[in-house]
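# Analysis of the macromolecular model
Each chain, written out:
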Amino acid sequence: MESTTDIDLVLLILRGVAGLTLAAHGWNKFFGGGRIAGTGRWFDSIGMRPGRLNALLAATSEMGAGVLLTLGLLTPVAAAGVIGVMVVAGWTVHRSNGFFIIKEGWEYVFILAVMALVSATLGPGAWSLDEVFGIAGDLAGWTGFWIALLLGVGGGALQMLVFFRPSKVAAGD
């Protein structure tokens, strides 16, 4: 049987891999190649309008949710941020390309979303700020699962309802 320390280490690794991966994506939107201006033009091209605003929202959400998940702070809310970003990315960019990421499919965004949902459900473990603040147990289990799933999917769907306006050419018409 695993010790509590083993479980806490595994939960830290899970949160860290998912959180830092997403935070790196946000960082790249802010400071990489095209920066916010280039990312905004790309967002416009896929139908997320206005592109610059959506680039700022995505970069900020990715960095914020990624750091919070890594630290284990408000873990289900952080996981919801990850899930919301992945819902938008999955629907707007990856869904029509099949499953495998090699063809720009939805495999990658699905895995990050599930890792976030698992983190919210299992809880952040003892090596987290939620534990330091005494809220880890209150936000884990089914409570964490439903907070992350409903806020994440709902937030992503709401963002697309408000901002997703693909052109007929981009939509394949």
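Structure's up top.
Residues numbered from 1 in each chain as written. Predicted model: local features only at pLDDT ≥ 70, side-chain atom pairs only at ≥ 80, totals over all residues. Heavy atoms only, no water.

### Topic: the side chain of Arg15
If you trace the backbone, Arg15 turns up in helix 1 (residues 4-31). For the buried Arg15, no salt bridge exists, and the shortest N-O distance to an oppositely charged side chain is 7.1 Å, to Asp8. Here the side chain of Arg15 touches Thr70 through a polar contact of 3.1 Å, landing on its backbone oxygen. In this structure, Arg15 is in contact with Leu20, Leu69, Thr70, Leu71, Gly72, Ser119, Pro124, Trp127 and Ser128, ignoring residues within four places of it in sequence. (Helix = DSSP H or I, 4+ residues; strand = E, 2+ residues; numbered from the N terminus. Buried < 20%, exposed > 50% of the residue type's maximum accessible area, 1.4 Å probe, protein only. Lys, Arg positive; Asp, Glu negative; His and termini not counted. Salt bridge = Lys/Arg side-chain N within 4 Å of Asp/Glu carboxyl O. Polar contact = N/O pair within 3.5 Å; in protein donor to acceptor, adjacent residues only side chain to side chain. Contact = heavy atoms within 4.5 Å.)

### Here's the deal with a nonpolar patch on the surface
A grouping of Phe99, Phe100, Ile102, Trp106, Phe110, Ile111, Val114, Val118 and Leu122 is seen on the molecular surface, where their side chains present a nonpolar patch of about 850 Å² in accessible area. Taking relative accessible area as the criterion, Trp106 reaches 33% and is therefore assigned partly exposed. (Patch = residues over 30% accessible without salt bridge, like charges linked within 9 Å, V, L, I, M, F, W, Y side chains within 5 Å. Areas by Shrake-Rupley, 256 points an atom, 1.4 Å probe, with all protein chains shown as cover.)

### A short note on the layout of surface pockets
Here the largest pocket defines a volume of roughly 660 Å³. What lines the largest pocket is a set of 35 residues, and nearest its centre among them are Lys29, Phe43, Ala58, Glu62 and Val85. At the level of secondary structure, the elements contributing two or more residues to the lining of the largest pocket comprise helix 1, helix 2 (35-46), helix 3 (51-71), helix 4 (75-94), helix 5 (107-122) and helix 7 (141-163). For the lining of the largest pocket, the element with the highest residue contribution is helix 4, accounting for 10 residues. Class assignment for the residues of the lining of the largest pocket results in 17 nonpolar, 15 polar and three charged. (1 Å grid on protein atoms, 1.4 Å probe; cavity = no way out; pocket = protein on both sides within 12 Å on 5 of 7 lines; lining within 4 Å. Points joined across faces, edges and corners; volume = space filled by probe spheres on them. Nonpolar A, V, L, I, M, F, W, Y, C, P; charged D, E, K, R; others polar.)

### Here we look at the pattern of salt bridges
Within this structure, the stated rule accounts for one salt bridge. Close ionic contact of Glu62 with Lys29 constitutes a salt bridge, the shortest N to O distance being 3.0 Å. In this pair, Glu62 is assigned in helix 3 and Lys29 in helix 1, connecting sequence segments 33 residues apart. Its relative accessible area of 5% is what places Glu62 among the buried residues.

The analysis is restricted to geometry; functional conclusions fall outside its scope.
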